[in-house]
Amino acid sequence: MHLKEETRERHTLAVIVDNEPGILARIAGMFTARGYNIESLTVTDISEDDLVSRITIVTSASPHVMEQIIAQLDRLIPVHKVIDLTVLGEHVERELALVKVVGRGEHRIEALRLADVYRARVVDATIESFVFEVTGGSEKIDKFVELMREVGLVEVARTGIVAISRGKDAA
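In the nomenclature of an unreviewed UniProt entry, the protein corresponds to Acetolactate synthase small subunit from the organism Stakelama pacifica. In UniProt, the protein has this text filed under Sequence similarities (unreviewed entry): "Belongs to the acetolactate synthase small subunit family." What UniProt states about the protein under its Function (unreviewed entry) heading is, verbatim, "Catalyzes the conversion of 2 pyruvate molecules into acetolactate in the first common step of the biosynthetic pathway of the branched-amino acids such as leucine, isoleucine, and valine."

**Here's the deal with the environment of A111**
Within the secondary structure, A111 sits in helix α4 (residues 106-117). Relative accessible area serves as the criterion here: at 1%, A111 is assigned to the buried category. C-alpha of A111 to C-alpha of V151: the two residues are 40 residues apart in sequence and 6.3 Å apart in space.

**With respect to the nonpolar core**
If you look at the biggest cluster of nonpolar residues, it comprises 18 residues, and the most contacted ones within it are L13, V15, I27, F31, I69 and L73. Mapped by element, the contributors of at least two residues to this core are β1 (9-18), α1 (23-33), β3 (52-61), α2 (63-75) and β4 (79-84). Not counting residues up to four positions away in its chain, the partners in contact with L13 are I55, T56, I57, M66, I69, I70, L73, I83 and D84. By size, the runner-up hydrophobic cluster in this structure holds 17 residues, among which are V99, A120, I141 and L153.

**A few points about a negative patch on the surface**
Taken together, D45, E48, D49 and D50 make up a surface patch of like negative charges. Looking at where D50 falls in the secondary structure, it is placed in the loop between β2 (40-45) and β3.

**Focus: the UniProt feature "domain: ACT" (unreviewed entry) in the protein**
When the UniProt feature table is mapped onto this chain, "domain: ACT" (unreviewed entry) is found at residues 12-87. Secondary structure over residues 12-87 splits into 36% helix and 38% strand, and the C-alpha atoms at its two ends are 9 Å apart.

**With respect to the domain arrangement of the protein**
The domain boundaries assigned to the protein delineate domain 1 (9-88) and domain 2 (91-164). Inter-centroid distance (C-alpha atoms) of domain 1 to domain 2 is 29 Å. With 10 residues of domain 1 in contact, the opposing surface of domain 2 contributes 8 residues. Around 650 Å² of area is buried between domain 1 and domain 2 when both sides are counted, 52% of it from carbon and sulfur atoms. Considering only the surface of domain 1 that becomes buried against domain 2, R10, T42 and L85 emerge as the three largest contributors, covering 49% of it. One can count 1 salt bridge joining domain 1 with domain 2. Taking the shortest distance from any N to any O, the salt bridge between R10 and E93 comes out at 2.8 Å.

**Quick look at the sheet that holds β3**
Pairing is antiparallel in the open sheet, where 4 strands are placed in the order β2-β3-β1-β4. A strand with exactly one partner marks an edge of an open sheet, and here the two such strands are β2 and β4. If you compare each strand with its neighbour and ignore which way they point, the axes differ by 20° on average. Bridge analysis of β1 against β3 gives 10 bridges, and the strand direction is antiparallel. In the strand pairing of β3, T12 is matched with V58. Along the sheet, α1 makes contact with β1, β2 and β3, crossing β3 at roughly 15°. Relative to β4, α2 is tilted by about 160°, and along the sheet it contacts β1, β3 and β4.

Rules used throughout
Residues numbered from 1 in each chain as written. Predicted model: local features only at pLDDT ≥ 70, side-chain atom pairs only at ≥ 80, totals over all residues. Heavy atoms only, no water. UniProt positions renumbered as here; feature names shortened; annotations may be inferred. Helix = DSSP H or I, 4+ residues; strand = E, 2+ residues; numbered from the N terminus. Buried < 20%, exposed > 50% of the residue type's maximum accessible area, 1.4 Å probe, protein only. Core = buried A, V, L, I, M, F, W, Y, C linked by side-chain atoms within 4.5 Å. Contact = heavy atoms within 4.5 Å. Patch = residues over 30% accessible without salt bridge, like charges linked within 9 Å, V, L, I, M, F, W, Y side chains within 5 Å. Areas by Shrake-Rupley, 256 points an atom, 1.4 Å probe, with all protein chains shown as cover. Salt bridge = Lys/Arg side-chain N within 4 Å of Asp/Glu carboxyl O. Lys, Arg positive; Asp, Glu negative; His and termini not counted. Charge placed at Lys NZ, Arg CZ, Asp CG, Glu CD. Domains from an automatic or database assignment. Buried area = accessible area lost by both parts, 1.4 Å probe. Pairing = 2+ DSSP bridges. Axes fitted to C-alpha atoms, helices over the stretch in contact; angles between N-to-C directions.

As structure tokens, this is what we get:
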């Protein structure tokens, strides 16, 4: 008997929740308990009174498993709404990274040249190092980090993906 393996697709979910202690742990625990992987996770307060937060989760799953993930998130008590931005349609995704590079001479010049090409800003500089801030899609960040390995990369810190639907309406 051959079971057809479903294709895994990358999805970006926006989860609107009450801003209460333990909610992030409960959501992460739900993923862990069921063997789902979280590729990126960001959280921000979205209300003036600090009572509601938006959790952006990037995960990959088959369509069937994605339906289960959304249904299970929807069942958690402090969850107001789960929006699959990937299914909803066009949306904007961005990430920020701080990239530390150490080098002298030609490596230093090449690091600055690459930063210019990728529109990365120098946010800290010493005689021997730079810290660059680069924003954009994950692929852009990945490529910038890969290129910086060749000129003296020593450390990377990334925010994770933030996303919002395009157009005039809220998701």
